[in-house]
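Notes for the structure review
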Amino acid sequence: LLDTVLYIFEILGSGVPSLIISILSMPFATNTWYWFFLNISVAHLFDVFCQFSAKNLFKRPRPSYQDNEDMFFTHGPDKYSFPSGHCTRMTMFWYLTTCLLDKNV
């Protein structure tokens, strides 16, 4: 069960599926969830911009042993390894989720 949950987080962290899910969920969401999905979508686009800018700045190459065949949407600055897109998107997602659901943060 934990493997499945972590695999879902990995897919959501890859960017394209999470952005598509949040945009497609907006028309069917209640008012509160609509704003949640809208915030996630806008934050996601901002995260991609920041991540690509940082990758262009640092230009740390991917390890030579890494098989790039499983990287479907990599092009341009995403050929670099730092910062990790999965890490930045999941950090952004959980921070934004915490801020939106807990008004004391």
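Nothing here was measured: the structure is a model prediction, and the numbers come from that model.

1. Looking at the overall build of the chain
Scanning the chain from N- to C-terminus turns up four helices and zero strands. Element order for the chain, N to C, with α for helix and β for strand: α-α-α-α. Burial analysis of the chain (105 residues in total) assigns 29% to the buried set.

2. Examining the confidence of the model for the chain
Put simply, the chain has an average pLDDT of 76, and 81% of its residues get 70 or more. Model confidence for the chain, summarised as mean pLDDT per element, is weakest for helix H1 (residues 2-13) at 77 and strongest for helix H3 (residues 31-58) at 82.

3. Looking at the packing of aromatic side chains
Given two aromatic rings, one states the distance between the centres and the angle between the planes to describe the pair. For the structure shown, the criterion picks out two aromatic pairs. For the ring pair Trp33 and Phe37, a centre distance of 6.1 Å and an interplane angle of 40° mean the geometry is tilted. Taken together, the positions of Trp33 and Phe37, both in helix H3 and four residues apart, correspond to about one turn of that helix. According to the relative accessible area criterion, Trp33 is partly exposed, its value standing at 42%. Ring geometry for Tyr34 and Trp35: centres 5.5 Å apart, planes at 85°, overall edge-to-face. For Trp35, a relative accessible area of 46% translates into the label partly exposed.

4. Here we look at the packing of H3 against helix H4 (residues 85-101)
In the contact formed by H3 and H4, the axes pass within 10 Å of each other and the chain directions differ by 145°. The crossing of H3 and H4 is right-handed. For the pair H3 and H4, contact is made by Phe36, Asn39, Ile40, Ala43, His44, Asp47, Val48 and Gln51 and by Gly85, Thr88, Arg89, Met92, Phe93, Leu96, Thr97 and Leu100, respectively.

5. What to know about the nonpolar core
Across soluble globular proteins, nonpolar side chains show a tendency to be buried alongside one another. Counting residues in each nonpolar core, the largest one holds seven residues, listed as Met26, Phe36, Phe37, Ile40, Ala43, Met92 and Leu96. Elements that contribute at least two residues to this core include exactly H3 and H4. At four residues, H3 tops the list of elements feeding residues into this core. Beyond its immediate chain neighbours, meaning those up to four positions away, Phe37 contacts Ser22, Ser25, Met26 and Ala29.

6. Things to note about the pattern of salt bridges
A pair can form between side chains of opposite charge whenever their charged atoms are brought close. Scanning the model with the defined rule gives one salt bridge in all. With a shortest N-O distance of 3.7 Å, Asp47 and Arg89 are connected by a salt bridge. Linking Asp47 in helix H3 with Arg89 in helix H4, this pair joins segments that are 42 residues apart in sequence. When sorted by exposure, Asp47 lands in the same class as Arg89, which is buried.

Reading the values: rules and limits
- Residues numbered from 1 in each chain as written.
- Predicted model: local features only at pLDDT ≥ 70, side-chain atom pairs only at ≥ 80, totals over all residues.
- Heavy atoms only, no water.
- Helix = DSSP H or I, 4+ residues; strand = E, 2+ residues; numbered from the N terminus.
- Buried < 20%, exposed > 50% of the residue type's maximum accessible area, 1.4 Å probe, protein only.
- pLDDT = per-residue confidence, 0-100.
- Phe/Tyr/Trp six-rings, centres within 6.5 Å; stacked < 30°, edge-to-face > 60°.
- Axes fitted to C-alpha atoms, helices over the stretch in contact; angles between N-to-C directions.
- Left-handed = near helix turned anticlockwise from the far one by under 90°.
- Contact = heavy atoms within 4.5 Å.
- Core = buried A, V, L, I, M, F, W, Y, C linked by side-chain atoms within 4.5 Å.
- Salt bridge = Lys/Arg side-chain N within 4 Å of Asp/Glu carboxyl O.

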